[in-house]
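Fold and geometry: a report
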Amino acid sequence: MQRSLLIDPGKCTGCVQCELACSLEKEGIFNPSKSRIRVFTFHYEGRFVPYTCTQCSEAWCMQACPVDAIALDAGTGAKVILDAACVGCKVCTISCPFGTVNYNSDTGKVIKCDLCGGDPACAKACPTAAITYVDADQTGYDKMRVWAGKTDAGAMASTQYGGT
Amino acid sequence: MHHIVIGAGPAGVTACETLRDLDPSARITLIGDEPEPPYSRMAIPYLLVEQIDESGTYLRRSNDFYARNRIDVMSMPVSSINPADKVISLSTHDTLDYDRLLIATGSTPVQPPISGINLPGVHNCWNLADARAIATRATPGTRVVLIGAGFIGCIILESLHKRGIELTVVEREDRMVPRMMDEAAGGLLKRWCESKDITILTRTGVSGIEQEGAGLSVSLDNGDTLAAGLVITATGVQPNTGFLQGADIDIDQGILVDNYLETSKADIFAAGDVAQGRDHPTGGFVVQAIQPTAVEHGRIAAANMVKARSVVHRGSLNMNILDTHGLISSSFGQWMGVEGGDSAVLLDQDRYLYLNLQFGGDHLVGASSIGYTQHIGVLRGLICSRAPLGAWKQRLLDDPTRLMEAYLGSVQGLA
């Protein structure tokens, strides 16, 4: 069974340990701006929302890449940047409608969540279980998928969403 | 079933890949007209700085991708197509019969009507052959004149500059990237380039190019002349439709397609730069000539080639991201705004930051930015999902940088 990151904003205290753990795991430094997961602050609502790539099945980033530098990890389902092939053109960063592929100007390449090969550091670091790594069918991404469907340029003729 | 795909760029290769996924037993033929394996023009700037070699430009990296997917790849110009008999003619006078045909022939640089445009040392920067010629001539100290400060002109600036050349850019219009950015943004880009010792001449045309000794002399319409060892033209591209003369396929700016990417002739589809397809969010039909649209077209056209009218093309969003010598800009959808719509603008001249959001009623309909690289794709999410922004609209008007929060709050309902 493939697993996914399950994010429960109601449990997040905004401690950003996930960001620190991610940047340490991926960049070897404590620098939240290099983290693949980010915690967004909602002042009006008094709420924190951790957010990262959902490894969506549409994989706009992977489709849009002009040099085949984003690959599917068959074990985890993650869409993974192949650093050696990425030229840094950034087309994936505008293609991802979730805003979860980012350009790293230090390396000249893009970065995104790769689920740490199946052992995500953010989930291990979260002290309140706001981020857990669980069976994919428990994560309730259905709603997100509806919006993904609205974003996609193509729609099955029989199930066309509203829009143009 | 024989699918023929003409054009080995992103639209054509994506179409072939999708055709094979959906139609395991079909015969698939991919016809390009360049000698190299299918490659990406978008990678050329990175080839010019020798960050990658030519194989790093290939659209599919695996050596056996085409063989494994049983895609017959040919390199051969197509001279004509005959929709009545469902047959195409190659430049060798051989013919091929098709059941479904995809035209994904891309575009070609526009040659500006300037005397001397065909002289040795005057090049486009469009294909691998151009890149090799530029790499040979653009040696340290060479004076280079780049005609055109549009998307392609800007994206090759850094590659050229890093080769140690002296660069002058000549642009006829009043600013850089006029079809992607407004005056404020174009001004920031110009000042940035000038801070990198690149000369940018806007509102300036080239009246002629002449051979002068071993080099070239470029005459400007303001009366000045520039000496150059290399002239690069980047004044726009136009769809490759010349070979369709006599095929009686409806063409406007590009090949007109319907919501299934099918042309006015049954069983003939078009995709990518050559196609005039549906635009999101306007609903009009335009030639976008961008990578993400080419891929979307290729995928959707292929699905409809396998099963008629199975996937609707609801429209692709016109969007670009551009790295002009390290200053990163992007534009999405109706970045120029819509009548009666609100806008939110943030401009910080000193830090080269610009963010311009355009609203139509309660929705985001377009945006442009300079200096923002984090979570920028969410602009696409906000525009394409047509999410009612509600309270988030006023918050964005107050602080346009809170895009991600607006998306999570209004689209994902997470706040």
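Residues numbered from 1 in each chain as written. Chains lettered and ligands numbered in written order. Predicted model: local features only at pLDDT ≥ 70, side-chain atom pairs only at ≥ 80, totals over all residues. Heavy atoms only, no water.

All right, on to the pattern of salt bridges then. One pass over the full model with this rule turns up 25 salt bridges over all chains. A salt bridge links Asp323 of chain B to Lys90 of chain A; the nearest nitrogen and oxygen atoms lie 2.9 Å apart. Note that Asp323 of chain B is positioned in strand β24 (residues 319–324) and Lys90 of chain A in the loop between β5 (79–81) and α3 (91–95), a pairing that runs across two chains. With respect to class, Asp323 of chain B is no different from Lys90 of chain A; both count as buried. Salt bridges here are not isolated pairs; linked through shared partners, they connect Glu36, Glu54 and Arg132 of chain B. (Salt bridge = Lys/Arg side-chain N within 4 Å of Asp/Glu carboxyl O. Helix = DSSP H or I, 4+ residues; strand = E, 2+ residues; numbered from the N terminus. Buried < 20%, exposed > 50% of the residue type's maximum accessible area, 1.4 Å probe, protein only.)

Residue and element names in this part refer to chain B. Ordered in space as β4-β5-β6, the 3 strands form an open sheet in which the pairing is antiparallel. The open sheet is flanked by β4 (78–82) and β6 (95–97), the only strands paired with a single partner. On average, adjacent strands in this sheet sit at an angle of 20° to one another, irrespective of strand direction. (Pairing = 2+ DSSP bridges. Axes fitted to C-alpha atoms, helices over the stretch in contact; angles between N-to-C directions.)

Further remarks concern the domain arrangement of chain B. All names here are of chain B. Annotation of chain B at the domain level lists domain 1 (2–108 + 238–317), domain 2 (122–235) and domain 3 (334–411). Just the C-alpha atoms count here: the centres of domain 1 and domain 2 sit 31 Å apart. For the pair domain 1 and domain 2, the summed buried surface comes to about 1,300 Å²; carbon and sulfur atoms form 66% of the total. Across the contact surface, domain 1 and domain 2 share 3 salt bridges. At the junction of domain 1 with domain 2, the criterion picks out 7 residue pairs in polar contact (both at pLDDT 80 or more). (Domains from an automatic or database assignment. Buried area = accessible area lost by both parts, 1.4 Å probe. Polar contact = N/O pair within 3.5 Å; in protein donor to acceptor, adjacent residues only side chain to side chain.)

On to the pairing of strand β3 (residues 47–51) of chain A. All names here are of chain A. Of the strand pairs in this sheet, strand β2 (residues 38–42) and β3 are connected by 5 bridges, and their pairing is antiparallel. Note on β3: the bridge partner recorded for Arg38 is Tyr51. Connecting the antiparallel pair β2 and β3 is a turn made up of 4 residues, with Gly46 showing a positive phi of about 60°.

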